[in-house]
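Structure at a glance
Listed below, chain by chain, are the residues.
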Amino acid sequence: MSGDHTTMDTAQQATLGLLEQLSDRLPKRRLAPYRALGEAGETAQLLNEMCKMLVARHTEVTPAEKEALTRLLDTVPTGDYDYLRNRDKTLAAIEVADQPRVVTHEDLRKLSADSNALLERLADRLPPDRLEEYRTLSHVGEWSMLVDLLSASLVTRQIPVSPSERDALAALLNWFRPAAVADLAYIHDRENTLASLNVTDQP
């Protein structure tokens, strides 16, 4: 048992250390709750939350940070945490750069505003239950999921869209890097998504 405790203590310290390295690229309001999780020994939950945030915000990490994260994902028990259980998918979605680019609040504010504006333009053409679901995704900041599901609705239902609406969707699709959205088919295959839209001058 003592060996397990030593491993967890080491993993706990390493996770908290990585959190501090990434602190300039994580949402400031999340740092205090994250640190509290780490200090309480909730290492798996903290690691899962960090992975979720890195993937969702397309946050770049250095090669050394990616290596540290990989070691932690190999060490910490996965439990019921999705990003830990799907280790390979998580690592594939995390972007690496020698000089990481910080996704600014302004970037995210624009993504939020633009995706919400397009959703509301299309609101009267979407099924009510889907519209409610998409508004919820917008509200909680799940923009990649929102854009992917909205694209799916437009393509599979062949909902008419105007050329300007198509262009607005294209701009949203281009915001996401393919490596970070490998599991979101409509964003990942953006060219086919745009080509499959029902574009008309009279939507």
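It should be noted that the structure appears before, not after, this text.
None of the values given here were measured: they were computed from a predicted structure.

Focus: the pattern of salt bridges
According to the stated counting rule, one finds 15 salt bridges in the structure shown. Note that Arg-87 is salt-bridged to Asp-74, the shortest N-O span being 2.5 Å. Here Arg-87 is found in helix H6 (residues 87–93), whereas its partner Asp-74 is found in helix H4 (residues 63–75), with 13 residues between them in sequence.

Some remarks on the packing of helix H9 (residues 143–156) against helix H10 (residues 163–175)
As a packed pair, H9 and H10 sit with axes 11 Å apart at the nearest point and diverge in direction by 140 degrees. In terms of their interaxial angle, H9 and H10 are classed as oblique. When you trace H9 past H10, the crossing you get is left-handed. Between H9 and H10, the residues in contact are Val-147, Ser-151 and Leu-154 and Leu-169, Leu-172 and Leu-173, respectively.

Section: H9
The end-to-end C-alpha distance of H9, which contains 14 residues, comes to 20 Å, matching closely the 20 Å that a straight helix rising 1.5 Å per residue would cover. Counting buried positions along H9 gives 11 out of 14 residues, so the element sits mostly inside the fold. Listed in full, the buried residues belonging to H9 are Trp-143, Ser-144, Leu-146, Val-147, Asp-148, Leu-150, Ser-151, Ala-152, Ser-153, Leu-154 and Val-155. Against helix H7 (105–121), helix H8 (128–140), strand E1 (160–161), H10, helix H11 (185–188) and helix H12 (190–195) lie the buried residues of H9. Positive phi appears at Gln-158, one or two residues downstream of H9, with a value of about 50 degrees.

Rules used in this analysis
Residues numbered from 1 in each chain as written. Predicted model: local features only at pLDDT ≥ 70, side-chain atom pairs only at ≥ 80, totals over all residues. Heavy atoms only, no water. Salt bridge = Lys/Arg side-chain N within 4 Å of Asp/Glu carboxyl O. Helix = DSSP H or I, 4+ residues; strand = E, 2+ residues; numbered from the N terminus. Axes fitted to C-alpha atoms, helices over the stretch in contact; angles between N-to-C directions. Parallel < 35°, antiparallel > 145°, perpendicular 65-115°, else oblique. Left-handed = near helix turned anticlockwise from the far one by under 90°. Contact = heavy atoms within 4.5 Å. Expected span 1.5 Å × (residues − 1). Buried < 20%, exposed > 50% of the residue type's maximum accessible area, 1.4 Å probe, protein only.

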